[in-house]
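# Coordinates in review
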Amino acid sequence: MNFLRQAQGPGAIEPFDAVDVIRAKRDGEQVPHDALRWMIDAYTRGFVMDAQMSSFAMAVLLNGMSRDEIRVMTDAMIDSGERMSFDGLGKKTVDKHSTGGVGDKITLPLVPLVAAFGVAVPQLSGRGLGHTGGTLDKLESIAGWRAALSNDEMFAQLRDVGAAICAAGSGLAPADKKLYALRDVTGTVEAIPLIASSIMSKKIAEGTDALVLDVKFGSGAFMHDIDRARELARTMVELGTDSGVATTALLTDMDTPLGLAIGNANEVRESVEVLAGGGPADVVELTIALAREMLALAGQPDADVEAALVDGRAMDSWNALIRAQGGDPDAALPVPRETQTVVADRDGFVTRLEALPFGIAAWRLGAGRARAADPVIHAAGIDLHAKPGDRVVAGQPLFTLLADDPSRFDRALGALGGAWEIGDALPDGAAPGSLVRERITA
Ligand code: URA
């Protein structure tokens, strides 16, 4: 492919031609770094058209990208906006990113827990779309809590409280915002180079010193199989490391919802239980595993994370974080107007409870949104009463649907057909194992 620069001058002021870049990727060639950088910049400026960028994204999905290409594209996406810096804080900063799952409320107990050790946690979070929930939606169940912080407010909060959970400002990686919306409607979300550059451009631009990635696989995850999750994790760890951000990843199982609460307000309630030293074993396990990773990257490999959950330090840190963002941690959480409980139809063991249908059902109950502008219903969701491995008897509650509008129950139950199973015995080796399957380092 000829990548000779186009002549500069009236009518030909752009240095490259998008069609050359698309053809190179289509034919499995490496795209020269300057052409790739230009492609991202020209798309952000509106010179490269959506049709051209979607064709390029499809070529990337089909033919992949080299490590160098992914790094150059990520850098170009970072350069499309502002870079934050926490240099003047005088503390190490460490962040966490989860690729998302059903009942994934781990950010809520994790951030204050890590901050309790004197490390700053600048957590830029998102809102839910489709069946995976969003951290900001969950926290907005708390009366008065606000997600929008200016960069100065975030800096001050990290200095004074040690943690902030807030929405990313529009200045961070605008190229990603535009490209992600395009991928969403062109069947190109699943390309690993595009997912990795999308996630890491925002995390690197955020300016954190260290980053722990929770890359999920299974029915309720973005990546259904562990091999693709591993490839995504490796790609992101390499990108972070190449950019000077100390990065590690855990591959974690998302076949079954995390914990017993799926929704918004009920997930806050469950997170507070964990911060009080209780909570479901799987939520506690993952919170502790991620906290250890984050603290190790921040230079505290021997931090006694469990102790901070039981002695109130993590809870104090949570209360300070919620208050700093206008919330009242003691206010009652919203409760649903209507509930419907589904019971076991026989004695036996719960052998399967699949994350994806439960995520979709919670979404249909109003806990999630179909379009970015939709509101969520904070009290809506599902409370589970049993998990795989539990023995149940006929008539025992399995789960309760929570909604404000009872007409939503039928559609939610429609999503749940075949989503759980009660058997006579547990399959061999079916005792709940560790959620954390692998650790990926540079
Ligand atoms: N989350 C992101 O931010 N980007 C992706 O491409 C996928 C998940």
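Residues numbered from 1 in each chain as written. Predicted model: local features only at pLDDT ≥ 70, side-chain atom pairs only at ≥ 80, totals over all residues. Heavy atoms only, no water.

Time to look at the packing of aromatic side chains. Enumeration according to the criterion identifies four aromatic pairs in this entry. Ring centres of Trp38 and Phe47 lie 6.3 Å apart, and the angle between their planes is 65°; on these two criteria the pair is classed as edge-to-face. A network of ring pairs unites the aromatic residues Phe16, Trp38 and Phe47 as a single cluster. Here the basic side chain of Lys178 rests over the ring of Tyr43, its NZ or CZ set 4.4 Å away from the ring centre. (Phe/Tyr/Trp six-rings, centres within 6.5 Å; stacked < 30°, edge-to-face > 60°. Lys NZ or Arg CZ within 6 Å of the ring centre and 35° of its normal.)

Moving on, we get to the sheet that holds strand β6 (residues 261-263). Judged by pairing direction, the sheet is antiparallel, and its four strands sit side by side in the order β6-β9-β11-β7 without closing on themselves. Each of the sheet's edge strands pairs with one partner strand only, and the pair in question is β6 and β7 (338-343). Averaged over all pairs of adjacent strands, the angle between strand axes in this sheet comes to 15°, irrespective of strand direction. Examined bridge by bridge, β6 and strand β9 (residues 381-384) share three bridges and lie antiparallel to one another. In the sheet register, Gly263 faces β9, and the bridge partner there is Gly381. Across the sheet, helix α15 (residues 355-367) touches β6, β9 and β11 (397-403), and the angle it forms with β9 is around 130°. (Pairing = 2+ DSSP bridges. Helix = DSSP H or I, 4+ residues; strand = E, 2+ residues; numbered from the N terminus. Axes fitted to C-alpha atoms, helices over the stretch in contact; angles between N-to-C directions. Contact = heavy atoms within 4.5 Å.)

With that settled, the discussion passes to the domain arrangement of the protein. On domain assignment, one finds that the protein holds domain 1 (7-64), domain 2 (87-169 + 176-331) and domain 3 (338-423). The C-alpha-based centres of domain 1 and domain 2 are spaced at 33 Å. Contacts between the two partners involve 11 residues from domain 1, matched on the other side by 10 residues from domain 2. Across the interface of domain 1 and domain 2, roughly 880 Å² is buried in total on both sides, 81% from carbon and sulfur atoms. It is Tyr43, Ala57 and Leu61 that lose the most area in domain 1 upon contact with domain 2, and together they represent 47% of the buried surface on that side. (Domains from an automatic or database assignment. Buried area = accessible area lost by both parts, 1.4 Å probe.)

A separate point is the site of the ligand. The full set of residues close to the ligand is Tyr180, Arg183, Ile195, Ser198, Ile199, Lys202 and Phe222. In this structure, an oxygen atom belonging to the ligand sits 2.9 Å away from a side-chain N or O atom of Arg183. Side-chain polar atom of Lys202 to an oxygen atom of the ligand: 2.5 Å apart, as the coordinates give it. Elements represented by at least two residues in the shell around the ligand include exactly α8 (174-184) and α9 (192-205). (Near = heavy atom within 4 Å. Polar contact = N/O pair within 3.5 Å; in protein donor to acceptor, adjacent residues only side chain to side chain.)

Along the chain, Glu206 falls in the loop between α9 and β4 (210-217). Each residue touching Glu206, except ones within four places of it in the same chain, is listed here: Met84, Phe86, Asp95, Pro122, Leu124 and Leu172.

Next up on the list: the pattern of salt bridges. Considering all chains together, one arrives at 33 salt bridges under this definition. For Arg67, the salt bridge identified is with Glu238, shortest N-O distance 3.7 Å. Of the two residues, Arg67 sits in helix α4 (residues 67-79) while Glu238 sits in helix α10 (residues 226-242), which places them 171 residues apart along the sequence. Given a relative accessible area of 44%, Arg67 falls into the partly exposed group. Among the residues examined, Glu238 registers a relative accessible area of 29% and is labelled partly exposed. Across the pair Asp242 and Arg67 runs a salt bridge, and its minimum N-O distance is 2.9 Å. Linking Asp242 in helix α10 with Arg67 in helix α4, this pair joins segments that are 175 residues apart in sequence. (Salt bridge = Lys/Arg side-chain N within 4 Å of Asp/Glu carboxyl O. Buried < 20%, exposed > 50% of the residue type's maximum accessible area, 1.4 Å probe, protein only.)

Below, the discussion takes up the nonpolar core. Generally speaking, nonpolar side chains in soluble globular proteins are found buried as a group. Counting 74 residues, the largest nonpolar core has Val114, Trp318, Phe358, Ile382 and Phe399 as the members making the most contacts within it. Counting residues per element, this core draws most heavily on helix α12 (residues 281-297), at nine residues. There are two domains that each give this core at least three residues, and those are domain 2 (87-169 + 176-331) and domain 3 (338-423). Counting 63 residues, the second-largest nonpolar core is a separate cluster that includes Ile70, Leu149, Ile195 and Ala196. (Core = buried A, V, L, I, M, F, W, Y, C linked by side-chain atoms within 4.5 Å.)

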